[in-house]
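So you can see what is in the structure, the chains are spelled out below.
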Amino acid sequence: MEKEARVRELRERIRYHEHRYHVLDDPVMSDAEFDVLFQELLELEAEHPELVVPDSPTQRVGGAPLAGFETVRHSERVLGLSNSFSREQLDAFVRRSQQEVAPAYIVEPKIDGLSVIVTYRQGVFAGGATRGDGAVGEDVSANLRTIRSLPLSLSGAPQRVELRGEVFLSRVAFARLNAQRQAEEQPLFANPRNAAAGSLRQLDPKIARERHLQVVFYELRSVEEVEVSSHQEARDAMASWGLPVVEGSRVQAADELWAQVERWQRLRPELPYDIDGVVVKVDSLRVQRELGATSHSPRWAVAFKFPAEQVITQVRDITINVGRTGVLTPTAQLKPVKVAGSTVSRATLHNADIIAERDVRIGDYVIVQKAGDVIPEIVGVLKERRTGGEVEFRMPEQCPVCWTPVQRLQGESATRCTNFLGCAAQLREGLIHFVSRSAMNIDRMGPALIDQLLATKMVKDAGDLYFLTKPELLSLPRIGAKLADKLLASIAKSRKAGLGRVLFALGIRHVGQRAAQILADEFGDICSIAEATPGQLAAIAEIGPKTAEAVHSFFGTEQARELVEKLRSGGVQLVQVIPSRQPLPLAGHSFVFTGTLQHWTRPQAADAVEARGGRVTSSVSKHTDYLVAGAKAGSKLSQARRHGVKILSEEEFEELLK
Ligand code: IVH
């Protein structure tokens, strides 16, 4: 069949270009051309589902979220490495590994990620697991599949291959992830390692996919039919099958070793990923076998850990930032210094307790370290350099933005501004979160524009975004017709972002992306969530009592109810639309409500209509299909009669919904 041949050809070409791009880092095709090929394959496979195979490049999306990870017993114990921290310790390893003849070594960077064991059968990706406790790990196959540098099939590989490698995040991906989390006021990952581990252990492969994980391999654990006698040959074999293999250099003599260690230490700041040292391995597999292993680690390899990069600088000031949920975060403003390849001019001090504990004062000389080479941290104060002119920091008693007295709850380290309704800082950060990519995803609506909208009072809350007009946008500096149109289009698009995103966008404490989606799936519309008791909320799997309480008290506020109604009248979809092939029963029908209904509040009735694909508007026109009239119906009833709109009683409305 012609289609089948085309599908096969597309797959091969896509695999080739993925390998060039993700493994060899040497693309020969533009992204746009690649997308065209990929799209064609997607379409052909959609038309002919019988042609889909598990190792098709389209099968990286990962399936539905898992309830938990299966455990996997490793075929052979997965060992760790012993560490060395000095030249003496490294020399001691070399002496221990010397046989009658001095062996050659391979020096590889030690990538700061998470170890995984991956299997291929008949050249096709068969699954993978984390190291776990060395004996039993977790099956993270669905998440591994989403990693673009992991080939779903190998070329020329033996029947069964078991490999070990490292899943990690590039510095860029890590910085982006943390920036996004900061905007969402989620706890930051301390280093790329934690971020990679957290991402690989996501139950929803879609989240793992968005994290842009990478993988490299450094060990061929078991193979059939291939003869390899050295680590170098194993590395070459893995690369020849299309796998990404960690860089490495072979040294003949022990005295070249140190030069290689220093070379990697020099390269470290320039690398696109974080390394915490190098791994030195005996090359010959025969010598490796002779040396053997202890219960924890092989005797033929050692990790050499680089010292964390630290520098000394001065604290010029300690300033306060007010976040979306009102938390006051003190930040040390530093005299700029270079650390680990970038210039650092601030460090977070987290909260009042940490400042007190470290006794950091304005004017102090401090030791700054970049944890995981990215987030600068003050690890110590040089008290002997104090002159007496240093100023102790005190947490302000009022919010530095709105001057409301701050509050610190017992048992909490955070100091908060309690003016949730009126603090300009909270409103601004809340809006930035609302429009952010993982929330309503309103493209081109950045912090600068939000500041303008707030300054001109065009926007006083998130709901106002949905009433912005083109003339209003055009009245702002630096906004032309083209940009205004694009903004309006992305605002319009966000109306259909879905209930999960809306819930997340609202910025309810403790409600992250996942909790929001679970609530949306469980309740289906915003009214049911708003009316649920904390008990009902907490009864849902994965929703804890803190989250339940936060959701309940959020919807208990007047302001939240008003915001929800404003969003609704601005056309934002507040129901979970279940994707279905059948058209929804009320699709294309528009409704207006008047008077008081017996069994429904207005928002509930609107949800019911929207959940079935219908639209609710506030005034009657010739485009209205139904007017639902409750008790004490007003002027809309006569308007409806004038326009010939069908009028429904509450019972008739309920009948229609069924
Ligand atoms: S070899 C028995 N090579 O470092 C062989 N490990 O601290 C053990 N790692 O668990 C692994 N880069 O997660 C090896 N080039 C590399 C590595 C590497 C990173 C990690 C690995 C291991 C940990 C030990």
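The preceding data block contains the structure.
Residues numbered from 1 in each chain as written. Predicted model: local features only at pLDDT ≥ 70, side-chain atom pairs only at ≥ 80, totals over all residues. Heavy atoms only, no water.

A short note on the overall build of the protein chain
Step number 1: Secondary structure assignment for the protein chain yields 24 helices and 22 strands.
Step number 2: With respect to the principal axes defined by its C-alpha atoms, the protein chain has extents near 105 × 85 × 50 Å.
Step number 3: Looking at the protein chain residue by residue over its 658 residues, the buried ones come to 47%.
Step number 4: For the protein chain, long-range pairs separated by at least 24 residues make up 67% of all intrachain contacts whose partners lie at least 6 apart in sequence.
Step number 5: Accessible surface for the protein chain amounts to roughly 32500 Å². Of this, 50% is attributable to carbon and sulfur atoms.
Step number 6: Here the protein chain holds 83 positive side-chain charges and 84 negative ones, and the gap between their average locations is 4 Å. (Helix = DSSP H or I, 4+ residues; strand = E, 2+ residues; numbered from the N terminus. Buried < 20%, exposed > 50% of the residue type's maximum accessible area, 1.4 Å probe, protein only. Contact = heavy atoms within 4.5 Å. Areas by Shrake-Rupley, 256 points an atom, 1.4 Å probe, with all protein chains shown as cover. Lys, Arg positive; Asp, Glu negative; His and termini not counted. Charge placed at Lys NZ, Arg CZ, Asp CG, Glu CD.)

Points about the sheet that holds strand E21 (residues 626-629)
In a beta sheet, neighbouring strands pair by backbone hydrogen bonds and run either parallel or antiparallel.
Step number 1: Judged by pairing direction, the sheet is parallel, and its 4 strands sit side by side in the order E20-E19-E21-E22 without closing on themselves. On the outer flanks of this sheet lie strand E20 (615-616) and strand E22 (646-648), each paired with one strand and no other.
Step number 2: Looking at chain direction, E21 and E22 are connected through 3 bridges and run parallel. Residue pairing in the sheet places tyrosine 626 in a bridge with lysine 646 of E22.
Step number 3: Along the sheet face, helix H22 (residues 602-611) touches strand E19 (590-594) and E20 and points at about 165 degrees away from the line of E19.
Step number 4: The sheet contacts of helix H23 (residues 635-643) involve E19, E21 and E22, and relative to E21 the element is tilted by about 150 degrees. (Pairing = 2+ DSSP bridges. Axes fitted to C-alpha atoms, helices over the stretch in contact; angles between N-to-C directions.)

Some details on the site of the ligand
Step number 1: In the vicinity of the ligand, 13 residues are found, and the nearest of them are Glu108, Arg164, Glu166, Tyr218 and Lys281.
Step number 2: Proline 109 places a polar main-chain atom, nitrogen or oxygen, 3.2 Å from a nitrogen atom of the ligand.
Step number 3: Serine 115 has a polar side-chain atom sitting 3.4 Å from an oxygen atom of the ligand.
Step number 4: For the ligand, the accessible surface in isolation is 530 Å², of which the surrounding protein chains cover 92%. (Near = heavy atom within 4 Å. Polar contact = N/O pair within 3.5 Å; in protein donor to acceptor, adjacent residues only side chain to side chain.)

Digging into the pattern of salt bridges
Opposite charge on two side chains permits them to pair, given that their charged atoms come into close proximity.
Step number 1: Under the definition given, this model contains 38 salt bridges.
Step number 2: Between glutamate 40 and arginine 6 there is a salt bridge, with its nearest N and O atoms 2.7 Å apart. Of this pair, glutamate 40 sits in helix H2 (residues 31-47) while arginine 6 sits in helix H1 (residues 2-23); the two residues are 34 residues apart in sequence, bridging distant segments of the chain.
Step number 3: In this structure arginine 6 comes out as partly exposed when scored by relative accessible area, which is 26%.
Step number 4: A salt bridge links arginine 386 to aspartate 359, with the shortest nitrogen-to-oxygen separation between them at 3.4 Å. Linking arginine 386 in the loop between strand E16 (375-381) and strand E17 (406-407) with aspartate 359 in the loop between helix H11 (352-358) and strand E15 (365-371), this pair joins segments that are 27 residues apart in sequence.
Step number 5: Via salt bridges that share partners, Asp359, Arg361, Asp364, Lys383 and Arg386 belong to a single interconnected network. (Salt bridge = Lys/Arg side-chain N within 4 Å of Asp/Glu carboxyl O.)

Section: the nonpolar core
Step number 1: Judged by nonpolar contacts, the single largest core of 55 residues is most densely connected at Met445, Leu453, Leu465 and Phe555.
Step number 2: Among all residues touching methionine 445, those that are not within four sequence positions of it are Val435, Ile450, Leu453, Leu465, Leu487 and Ile491. (Core = buried A, V, L, I, M, F, W, Y, C linked by side-chain atoms within 4.5 Å.)

So, unusual backbone geometry
Step number 1: One non-glycine residue with positive phi stands out, namely glutamine 122, at about 50 degrees.
Step number 2: Assignment of secondary structure puts glutamine 122 in the loop between strand E4 (114-121) and strand E5 (124-130).
Step number 3: The phi dihedral of lysine 457 falls on the positive side, at around 60 degrees, and the residue is not glycine.
Step number 4: Note that lysine 457 resides in the loop between helix H13 (447-455) and helix H14 (470-474).

Here we look at the packing of aromatic side chains
Step number 1: Counting across every chain of the model gives 12 aromatic pairs.
Step number 2: Summarising the aromatic geometry, the rings of phenylalanine 168 and tyrosine 273 are spaced 5.5 Å apart at their centres and angled 70 degrees between planes, so their arrangement reads as edge-to-face. Here tyrosine 273 lies in the loop between helix H9 (254-267) and strand E10 (275-282) and phenylalanine 168 lies in strand E7 (residues 160-168), a separation of 105 residues in the sequence. For the pair shown, phenylalanine 168 and tyrosine 273 are each scored as buried.
Step number 3: Three or more aromatic residues joined by ring pairs make a cluster, and in this case those are Phe591, Phe593, Trp600, Tyr626 and Phe653.
Step number 4: The side chain of arginine 263 reaches across the aromatic face of tryptophan 264, ending 5.0 Å from its centre.
Step number 5: For arginine 385, the ring lying beneath its charged end belongs to tyrosine 365, and the centroid distance is 3.8 Å. (Phe/Tyr/Trp six-rings, centres within 6.5 Å; stacked < 30°, edge-to-face > 60°. Lys NZ or Arg CZ within 6 Å of the ring centre and 35° of its normal.)

What to know about the packing of helix H3 (residues 87-97) against H9
Step number 1: Between H3 and H9, whose axes approach to 11 Å, the crossing angle comes to 140 degrees. Looking at the two axes, H3 sits oblique to H9. For the pair H3 and H9, the sense of crossing is right-handed. Counted together, Arg87, Leu90 and Val94 of H3 and Ala254, Leu257, Trp258 and Val261 of H9 form the full contact between these two elements.
Step number 2: Within the contact of H3 with H9, the residues separate by chemical class into 6 nonpolar, no polar and 1 charged. (Parallel < 35°, antiparallel > 145°, perpendicular 65-115°, else oblique. Left-handed = near helix turned anticlockwise from the far one by under 90°. Nonpolar A, V, L, I, M, F, W, Y, C, P; charged D, E, K, R; others polar.)

Regarding the side chain of serine 230
Step number 1: Assignment of secondary structure puts serine 230 in the loop between strand E8 (214-223) and helix H8 (231-240).
Step number 2: Here glutamate 233 takes part through its backbone nitrogen, which lies 3.1 Å from a polar atom of the side chain of serine 230.
Step number 3: Look past the residues within four positions of serine 230 in its chain and what remains in contact with it is Asp283, Ser284 and Leu285.

A word on the pairing of E21
Step number 1: On E21, burial covers both faces: Tyr626 and Val628 on one face and Leu627 and Ala629 on the other are all buried.
Step number 2: A crossover connection joins E21 to the parallel E22 through H23; in handedness this β-α-β unit is right-handed. (Right-handed = clockwise from strand over helix to strand, strands pointing away.)

Overview of the sheet that holds E10
Step number 1: Within the open sheet, the 5 strands sit side by side as E2-E11-E10-E3-E9. Their pairing is mixed. In this open sheet, the two edge strands, each paired with only one partner strand, are strand E2 (83-84) and strand E9 (249-251).
Step number 2: Relative to strand E11 (residues 301-305), E2 runs parallel, the two sharing 2 bridges. Note that in E11 the partner of serine 84 across the bridge is phenylalanine 304.
Step number 3: In the packing of H8 onto the sheet, the strands contacted are strand E3 (105-111), E9 and E10, and the crossing angle to E3 comes to about 55 degrees.
Step number 4: Strands E3, E9, E10 and E11 of the sheet are contacted by H9, whose axis makes an angle of about 155 degrees with E9.

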